[in-house]
Amino acid sequence: LTGQLSAVNATDGKKIAELQSELHDQEQKDGARIQQAQQQLDQTKAQEKQKVEELSKQAEQAEAALQSKVASTSNKLKGAQAQVSRLQEQLQQQTNASKSEVEDLETRLQTAKAEASAHEKDLTGQLSAVNATDGKKIAELQSELHDQEQKDGTRIQQAQQ
């Protein structure tokens, strides 16, 4: 009986040592996998951050270009309005002039008013475009950020499992 107990104890000791060795090996493999998953996650985060920065820079450049165009059109509108004012002044001064001269001034005045109106409509359209572009870019960036946060959350959860 003592011999049998010694044999059982020896077998149990050997099995325990094997299981401890397997457990140690598995812990090392798991540690390596977790480290690799964390590195991939960090790399993905860095890439996504770079993409967001690039999109933000593109949005800023587009906005600056639109604002420049708006400023140019605004200057044209001011010039056209000044021309309308000058023509109205001339028209007042020419009330005693011949009918053909008055008609010519009225035609020029209507043309200047039409140009001013066209510039004003163009400016309004450009302002709407700036606002729409800004809103769209913000929505796209928020959507991409939300998607990335979900991907990161899934990757972290997988890495932890």
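Refer to the structure above for everything that follows.
These notes cover the structure that comes with them. (Residues numbered from 1 in each chain as written. Predicted model: local features only at pLDDT ≥ 70, side-chain atom pairs only at ≥ 80, totals over all residues. Heavy atoms only, no water.)

### Some details on the overall build of the chain
The criterion, for reference: The helix count covers DSSP runs of H or I at least four residues long, the strand count covers runs of E at least two residues long, and both are numbered beginning at the N terminus. Based on C-alpha atoms, the radius of gyration is set beside the globule rule, defined as 2.2 Å times the residue count to the power 0.38. Throughout, a contact is declared for two residues whenever any of their heavy atoms are within 4.5 Å. Calculation of accessible area relied on Shrake-Rupley with a 1.4 Å probe; when residues are assessed, cover is drawn exclusively from the protein chains displayed. For this count, His and the chain ends are skipped, Lys and Arg are scored as positive, and Asp and Glu as negative. One atom stands in for each charge, and that atom is NZ of Lys, CZ of Arg, CG of Asp or CD of Glu.
Scanning the chain from N- to C-terminus turns up two helices and zero strands. Expected size for 161 residues packed as a compact globule is a radius of gyration near 15 Å; at 39 Å, the chain overshoots this value by more than 25%. Seen along its three principal axes, the alpha-carbon backbone of the chain occupies a region of about 140 × 15 × 15 Å. Taking contacts inside the chain between residues at least 6 apart in sequence as the whole, the part at least 24 apart equals 75%. Surface accessibility of the chain: about 12200 Å² in total, with carbon and sulfur atoms responsible for 50%. Side-chain charges in the chain split into 20 positive and 26 negative, and the spacing between the mean points of these groups amounts to 3 Å.

### As for the pattern of salt bridges
Rules: Whenever Lys or Arg places a side-chain nitrogen within 4 Å of a carboxyl oxygen from Asp or Glu, that contact is recorded as a salt bridge. In this scheme, a residue with accessible area under 20% of its type's maximum is buried, one over 50% is exposed, and one in between is partly exposed, where area comes from a 1.4 Å probe on protein chains only.
For the structure shown, the criterion picks out four salt bridges. Here D30 and R33 are joined by a salt bridge, their closest N and O atoms 3.4 Å apart. A residue pair is termed a helical-turn pair when its members lie 3 or 4 positions apart in one helix, as D30 and R33 do in helix α1 (residues 2-93) at three residues. Here K51 makes a salt bridge to E48, at a shortest N to O gap of 3.3 Å. Separated by three residues within a single helix, K51 and E48 lie in helix α1, roughly one turn from each other. Taking relative accessible area as the criterion, K51 reaches 43% and is therefore assigned partly exposed. With a relative accessible area of 16%, E48 lands in the buried category.

### Quick notes on the packing of α1 against helix α2 (residues 99-160)
To keep things clear, this is the line we draw: Under this scheme, a helix contributes an axis fitted over its contacting stretch, all axes are lines through C-alpha atoms, and angles between N-to-C directions fall in the 0 to 180 degree range. Relative orientations are named as follows: roughly parallel for angles under 35 degrees, roughly antiparallel for angles over 145 degrees, roughly perpendicular for angles from 65 to 115 degrees, and oblique for any other angle. Any residue that is not Ala, Val, Leu, Ile, Met, Phe, Trp, Tyr, Cys, Pro, Asp, Glu, Lys or Arg is counted as polar, Gly included; the first ten are nonpolar and the last four charged.
At a minimum axis separation of 8 Å, α1 and α2 run at an interaxial angle of 170 degrees. Overall, the two elements α1 and α2 adopt an arrangement that is roughly antiparallel. Its residues assigned to classes, the contact of α1 with α2 comprises 25 nonpolar, 12 polar and 16 charged.

### Notes on the side chain of Q126
Mapping Q126 onto the fold places it in helix α2. Discounting chain neighbours no more than four positions away, the residues touching Q126 are K69, V70 and T73.

### Details of α1
Rule in force here: Given the number of residues in a helix, its expected span is that number minus one, multiplied by 1.5 Å.
With 92 residues, α1 should reach 136 Å at 1.5 Å per residue; the first-to-last C-alpha distance of 134 Å fits that figure. When α1 is considered as a whole, its buried residues turn out to be L41, T44, E48, L55, A59, V70, T73, L77, A80, V84, L87 and L91. At its buried positions, α1 is contacted by α2.

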